[in-house]
Amino acid sequence: MPGDNATKALIDTLNGLLADYFALYLKTKNYHWHVKGPQFHDLHLLFDAQAAELFALTDVIAERVRKNGGTTLTSIGAIAARSTIADDDRDGLDAKAMLSALRDDNAALVTRIRAAKAAASAAGDNATEGAADDWTDQAQQRVWFLGSILG
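Here's a quick rundown of the structure. (Residues numbered from 1 in each chain as written. Predicted model: local features only at pLDDT ≥ 70, side-chain atom pairs only at ≥ 80, totals over all residues. Heavy atoms only, no water.)

1. Let's talk about the nonpolar core
Stage number 1. Core analysis: the largest hydrophobic core is formed by 39 residues, its most contacted members being Leu14, Leu17, Tyr21, Phe47, Ile61, Ile113 and Trp135.
Stage number 2. Residue assignment for this core shows that the elements contributing at least two residues are α1 (5-34), α2 (40-67), α4 (95-123) and α5 (126-150).
Stage number 3. It is α4 that provides the largest number of residues to this core, a total of eleven residues.
Stage number 4. Ignoring anything within four residues of it in the chain, the contact list for leucine 17 reads Ile61, Leu109, Arg112, Ile113, Ala116 and Trp135. (Core = buried A, V, L, I, M, F, W, Y, C linked by side-chain atoms within 4.5 Å. Buried < 20%, exposed > 50% of the residue type's maximum accessible area, 1.4 Å probe, protein only. Helix = DSSP H or I, 4+ residues; strand = E, 2+ residues; numbered from the N terminus. Contact = heavy atoms within 4.5 Å.)

Spelled out as structure tokens, the structure:
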């Protein structure tokens, strides 16, 4: 691991972000599998598309950790220990509650991404700093879509 404190902080921040992406991916996929009601078809497809978008970024974020000389998360336990996204094991959750939870979790993810961007800036990692803008845009779009459905 690099000796530079700013780089160490960036690696730590990116691993926390990576944990949140995995946790939000699984939560979104859970809702995809369990959504019910009159909007089933549309929400089933939306949740699947959003889960795929989240999962696609896990490798990108992990590779930013590795390119900065760090090690990434190694297990479900490591993800659980680092994530700020709460699990949702409730049965029979209605679609509106799913939408609200995912909207709020994606909004929280924006905050984590911004922290990663700031850490990247402090470490002089322009690639991560630039990528964070795209990650932010994607998360904000998910917030917008989910919030628009809620009305």
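Additional details are given in the paragraphs that follow.
2. Some details on the side chain of threonine 28
Stage number 1. Structurally, the position occupied by threonine 28 is in helix α1.
Stage number 2. Classification of threonine 28 as buried rests on a relative accessible area of 0%.
Stage number 3. Not counting chain neighbours up to four residues away, the residues in contact with threonine 28 comprise Phe47, Gln50, Ala51, Leu54 and Leu102.

3. With respect to the packing of α2 against α4
Stage number 1. With their axes 12 Å apart at the nearest point, α2 and α4 run at an angle of 20° to one another. Put simply, α2 runs roughly parallel to α4. The crossing of α2 and α4 is left-handed. For the pair α2 and α4, contact is made by Leu43, Phe47 and Leu54 and by Ala95, Met98, Leu99, Leu102, Asn106 and Leu109, respectively.
Stage number 2. Here the residues of the contact of α2 with α4 are counted per class, giving eight nonpolar, one polar and no charged. (Axes fitted to C-alpha atoms, helices over the stretch in contact; angles between N-to-C directions. Parallel < 35°, antiparallel > 145°, perpendicular 65-115°, else oblique. Left-handed = near helix turned anticlockwise from the far one by under 90°. Nonpolar A, V, L, I, M, F, W, Y, C, P; charged D, E, K, R; others polar.)

4. Topic: the packing of α1 against α5
Stage number 1. For the pair α1 and α5, the least separation of the axes is 14 Å and the interaxial angle reads 25°. By the angle between their axes, α1 is roughly parallel relative to α5. α1 and α5 meet at a crossing whose hand is left-handed. The segment α1 lies against α5, with Leu10, Leu14, Leu17 and Tyr21 engaging Thr128, Trp135 and Arg142.
Stage number 2. Split into classes, the residues belonging to the contact of α1 with α5 amount to five nonpolar, one polar and one charged.

5. Side note on α1
Stage number 1. Under the 1.5 Å per step criterion, the end-to-end length of α1 is 44 Å for 30 residues, consistent within 8% with the ideal 44 Å.
Stage number 2. The N-cap of α1, judged by a side-chain oxygen 3.1 Å from the amide nitrogen of alanine 6 a few residues on, is aspartate 4. (Expected span 1.5 Å × (residues − 1). Polar contact = N/O pair within 3.5 Å; in protein donor to acceptor, adjacent residues only side chain to side chain.)

6. A few points about the environment of histidine 32
Stage number 1. Looking at the element boundaries, histidine 32 is found in helix α1.
Stage number 2. Here histidine 32 falls in the buried class, since its relative accessible area comes to 8%.
Stage number 3. In this structure the C-alpha to C-alpha distance between histidine 32 and aspartate 48, which are 16 residues apart in sequence, comes to 5.8 Å.
Stage number 4. In this structure histidine 32 touches His44, Phe47 and Asp48, once residues within four positions along its chain are discounted.

7. A word on the packing of aromatic side chains
Stage number 1. Using the criterion set out here, one finds four aromatic pairs in the structure.
Stage number 2. Here the aromatic rings of tyrosine 25 and phenylalanine 55 are separated by 5.0 Å at their centres, their planes lie at 45°, and the arrangement is tilted. Note that tyrosine 25 is positioned in helix α1 and phenylalanine 55 in helix α2, a separation of 30 residues in sequence.
Stage number 3. Its relative accessible area of 44% is what places phenylalanine 55 among the partly exposed residues.
Stage number 4. Ring geometry for tryptophan 144 versus phenylalanine 145: centroids 5.2 Å apart, planes at 65°, classification edge-to-face.
Stage number 5. Each member of the aromatic cluster is reached from another via a ring pair, and the members are Phe22, Tyr25 and Phe55. (Phe/Tyr/Trp six-rings, centres within 6.5 Å; stacked < 30°, edge-to-face > 60°.)

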